[in-house]
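Listed below, chain by chain, are the residues.
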Amino acid sequence: MSRGDHRSEVLVVGAGLAGLSAADRLVRAGVQVRVLEASSGVGGRVRGEWSGQRLVDVGAEFFGGPHRRIRALITALGLRIQPAELERAPVLWRLPERHRVTRLPPLPLPELWHLGRAWWQLRRHALKLDPDRPWDCPAATGLDEASLADWLASHGATERGLEVTEALVGGFATRPIGQVSAAHAAWWITAADGLLAAWRSGQQYVVDGGAHQIPHRLADRLGDRIMTGTPVTTITEHRDGVVLGTGERQWAADAAILAIPLPALRHMAIDPPPAPGLREAIEQLSYGHAVKIAATARRTPPVAHRAVVGGQPLAIAWRHGRTLAGIATTEATGDALSNDLATAFGLAPDDLTGTAVTDWTHEPGIGGSYLVYAPGQLTGHAPALHHSRPTRIRYAGADFSSWLNSMEGAVQSGQAAAADLLAAPRTLA
Ligand SMILES: Cc1cc2nc3c(=O)[nH]c(=O)nc-3n(C[C@H](O)[C@H](O)[C@H](O)COP(=O)(O)OP(=O)(O)OC[C@H]3O[C@@H](n4cnc5c(N)ncnc54)[C@H](O)[C@@H]3O)c2cc1C
């Protein structure tokens, strides 16, 4: 042990799904690994909290057919995949001055047709992009110059069509569609290989008992290799290894995987500093805003709909049985969220119990919902996040994947970072 108090072959920073997937892959290949996690638990944005007698997901919850890595992982961990069944019921649309329960968006048919046509044109451009390197395609530049709202408007969507899109996409994007790059929306479509598949990927399946079990099962496999309550503040790369600082202690290794969100990377002193493009991306890219509420209803909601799209303060809400949940993308008090969640499903506020409210923007070590590229940012910054550097410091996390806002992306990036290190044995010497 030449430098640092504790030596491993690889140090993984962050015990979210990306860090845990990377560590799991490395341990299976016989590598000596330690995972350093800032918070008191594992899972990062895939976390459960008690709602009465049950644990409910206060972060990620859904996945879809194209998410093959997370589906394989869930099955390998002995968990069960269940259809979320939100699509089997009509939706409560809360559009400005129009609240309707219908299956299709409540728009006059000609406007629905114009909206559908605009999305179909976006799909046509999207499917020309390479899902792993969308910025390389000439179509990406034009798409990235416009916001999703402007792009759809310039392809025939009406004002009411944009209101529907805001309700449908804004809540999931956790940003108004006027601040989302059309190229980001196109990337999402091409990653899923189609418009319908993209839409369904955000609400198709859940894990029986909750997604929070995924990181816990992975953590069980890793055992005491995980150190929680250990925030890493410095990382130094030298000729034959890396040294990480956590307050008083130092940890040495041959290599490190930084699997922490972009906003958290801003607070890390990295020496030598990342390449200029990556440094700029870390400084300039930001996450959307999401406060998630989950609660248990004391009685079965007396309504047919299982999903609510649009509205305030909750931008989207859904229910599985008596578990209700929703996301607000603007500031709101816990009481306002709870009242809105109850009302959205035909209940009184007193009908809810075990309410858990998580403001991800103020969650230490996270700093928001997830990465949402604004116009100009995808072509400007994404290449730097995806350029593989053969150094002893590797980056992982959903931000570094082709599934930016999902558990799939976290697993993809973690497994890829581990595979990169394994393919470069000299880094591990
Ligand atoms: C409200 C909400 C709902 C979502 N819904 C879905 C969904 O339904 N489906 C879906 O697929 N995705 C969803 N997502 C996105 C998904 O949760 C993320 O894409 C994914 O979990 C990211 O995993 P990660 O490992 O990259 O990062 P994280 O989960 O953020 O993990 C990073 C870890 O690093 C730790 N850390 C940070 N700084 C340090 C440091 N200095 N030292 C040590 N540790 C540090 C953090 O504490 C954290 O544990 C949702 C996200 C949110 C916020």
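Because the structure is predicted, anything quoted here is derived from the model rather than measured.

About the thresholds
Residues numbered from 1 in each chain as written. Predicted model: local features only at pLDDT ≥ 70, side-chain atom pairs only at ≥ 80, totals over all residues. Heavy atoms only, no water. Near = heavy atom within 4 Å. Polar contact = N/O pair within 3.5 Å; in protein donor to acceptor, adjacent residues only side chain to side chain. Areas by Shrake-Rupley, 256 points an atom, 1.4 Å probe, with all protein chains shown as cover. Helix = DSSP H or I, 4+ residues; strand = E, 2+ residues; numbered from the N terminus. Nonpolar A, V, L, I, M, F, W, Y, C, P; charged D, E, K, R; others polar. Salt bridge = Lys/Arg side-chain N within 4 Å of Asp/Glu carboxyl O. Buried < 20%, exposed > 50% of the residue type's maximum accessible area, 1.4 Å probe, protein only. Expected span 1.5 Å × (residues − 1). Contact = heavy atoms within 4.5 Å. Pairing = 2+ DSSP bridges. Axes fitted to C-alpha atoms, helices over the stretch in contact; angles between N-to-C directions. Left-handed = near helix turned anticlockwise from the far one by under 90°. Domains from an automatic or database assignment. Buried area = accessible area lost by both parts, 1.4 Å probe. Phe/Tyr/Trp six-rings, centres within 6.5 Å; stacked < 30°, edge-to-face > 60°.

The ligand sits among 34 residues. The nearest are Ala 18, Glu 37, Arg 45, Phe 62 and Met 407. Separating a nitrogen atom of the ligand from a backbone N or O atom of Ala 38 is a distance of 3.0 Å. For the ligand, an oxygen atom lies 3.1 Å from a polar atom in the backbone of Ser 406. Surface burial for the ligand is 94%, taken as the share of its 1000 Å² of free accessible area covered by protein chains. Taken together, the elements giving at least two residues each to the shell around the ligand come down to helix 1 (17-28) and helix 14 (407-422). Counted by class, the shell around the ligand contains 20 nonpolar, 11 polar and three charged residues.

Moving on: the pattern of salt bridges. For the coordinates displayed, the defined rule picks out 16 salt bridges. One salt bridge in this structure joins Arg 306 and Glu 85, with 4.0 Å as the shortest N-O distance. Of the two residues, Arg 306 is situated in the loop between strand 14 (291-297) and strand 15 (307-309) and Glu 85 in the loop between strand 5 (81-83) and strand 6 (91-95); the sequence distance between them amounts to 221 residues. A salt bridge links Arg 200 to Glu 87, with the shortest nitrogen-to-oxygen separation between them at 2.7 Å. Of the two residues, Arg 200 sits in helix 8 (residues 195-201) while Glu 87 sits in the loop between strand 5 and strand 6, which places them 113 residues apart along the sequence. Classification of Arg 200 as partly exposed rests on a relative accessible area of 28%.

With that settled, the discussion passes to helix 6 (residues 159-173). The terminal C-alpha atoms of helix 6 lie 19 Å apart, and with 15 residues this matches the ideal 21 Å at 1.5 Å per residue to within 8%. Note on helix 6: the residue one or two positions beyond its end, Thr 174, has a positive phi of about 60°.

It is worth spelling out the environment of Ile 74 at this point. Mapped onto the elements of the fold, Ile 74 is located in helix 2 (residues 68-76). For the pair Ile 74 and Leu 218, spaced 144 residues apart in sequence, the C-alpha to C-alpha distance is 9.8 Å. For Ile 74, the contacting residues outside a window of four places in its chain are Phe 63, Leu 79, Ile 81, Val 207 and Ile 214.

The residue Gln 204 is located in the loop between helix 8 and strand 8 (205-207) in this model. At 2.8 Å, the side chain of Gln 204 forms a polar contact with the backbone nitrogen of Gly 65. Here Gln 204 is in contact with Phe 63, Gly 64, Gly 65, Gln 82, Pro 83, Ala 84 and Glu 85, once residues within four sequence places are set aside.

Sheet topology places strand 3 (residues 48-51) next to strand 4 (residues 54-57); four bridges connect them, and they run antiparallel. Bridging across to strand 4, Trp 50 finds its partner in Leu 55. The hairpin formed by strand 3 and strand 4 contains two residues between the paired strands, and Gly 52 there has a positive phi angle of roughly 65°.

Quick look at the packing of helix 1 against helix 9 (residues 213-222) now. In contact at an axis separation of 10 Å, helix 1 and helix 9 are set at 35° when each is read in the N-to-C sense. The handedness of the crossing between helix 1 and helix 9 comes out as left-handed. For the pair helix 1 and helix 9, contact is made by Leu 17, Leu 20, Ser 21, Ala 23, Asp 24, Val 27 and Arg 28 and by Ile 214, Pro 215, Leu 218, Arg 221 and Leu 222, respectively. When its residues are assigned to classes, the contact of helix 1 with helix 9 shows eight nonpolar, one polar and three charged.

Turning next to the domain arrangement of the protein. We note that the domain assignment places domain 1 (8-45 + 211-284 + 374-422) and domain 2 (109-194) within the protein. Taking only C-alpha atoms, the centre of domain 1 and the centre of domain 2 are 31 Å apart. Contact residues are listed per partner, giving 15 residues for domain 1 and 18 residues for domain 2. Taking both partners together, domain 1 and domain 2 bury about 1300 Å²; carbon and sulfur atoms supply 69% of that area.

Summarising the element assignment, Ser 369 is placed in the loop between strand 18 (352-359) and helix 13 (377-386). Taking relative accessible area as the criterion, Ser 369 reaches 3% and is therefore assigned buried. Excluding residues within four positions of it along the chain, Ser 369 makes contact with Arg 45, Thr 174, Tyr 287, Gly 288, His 289 and Ala 290. A polar contact of 2.7 Å, which involves the side chain of Ser 369, links it to the side chain of Thr 174.

What follows covers the packing of aromatic side chains. Each aromatic ring pair is characterised by the separation of its centres together with the angle its planes make. The final tally for this structure, using the stated rule, is six aromatic pairs. Note on Phe 62 and Trp 318: the rings are 5.4 Å apart at their centroids and 70° apart in plane angle, and the pair reads as edge-to-face. Of the two residues, Phe 62 sits in the loop between strand 4 and helix 2 while Trp 318 sits in strand 16 (residues 314-320), which places them 256 residues apart along the sequence. Each of the two residues, Phe 62 as well as Trp 318, counts as buried. Centroid distance Trp 187 to Tyr 373: 6.3 Å. Interplanar angle 25°. Geometry classified as stacked. On the criterion of sequence distance, the pair formed by Trp 187 in helix 7 (residues 182-192) and Tyr 373 in the loop between strand 18 and helix 13 is long-range, its members being 186 residues apart. Looking at Trp 187, the relative accessible area reads 1%, which means it is buried. A residue is classified by how much of its surface remains accessible, and Tyr 373, at 0% relative accessible area, is buried. Among the aromatic side chains, those forming a connected cluster through ring pairs are Trp 135, Trp 187 and Tyr 373.

A separate point is the pairing of strand 14. Summarising burial for strand 14: seven of the seven residues are buried, a large majority. Residues Val 291, Ile 293, Ala 295 and Ala 297 of strand 14 are buried on one face, and the alternating residues Lys 292, Ala 294 and Thr 296, pointing to the opposite face, are buried as well. Relative to strand 18, strand 14 runs antiparallel, the two sharing six bridges. Within strand 18, the residue paired with Ala 294 across the bridge is Ala 356.

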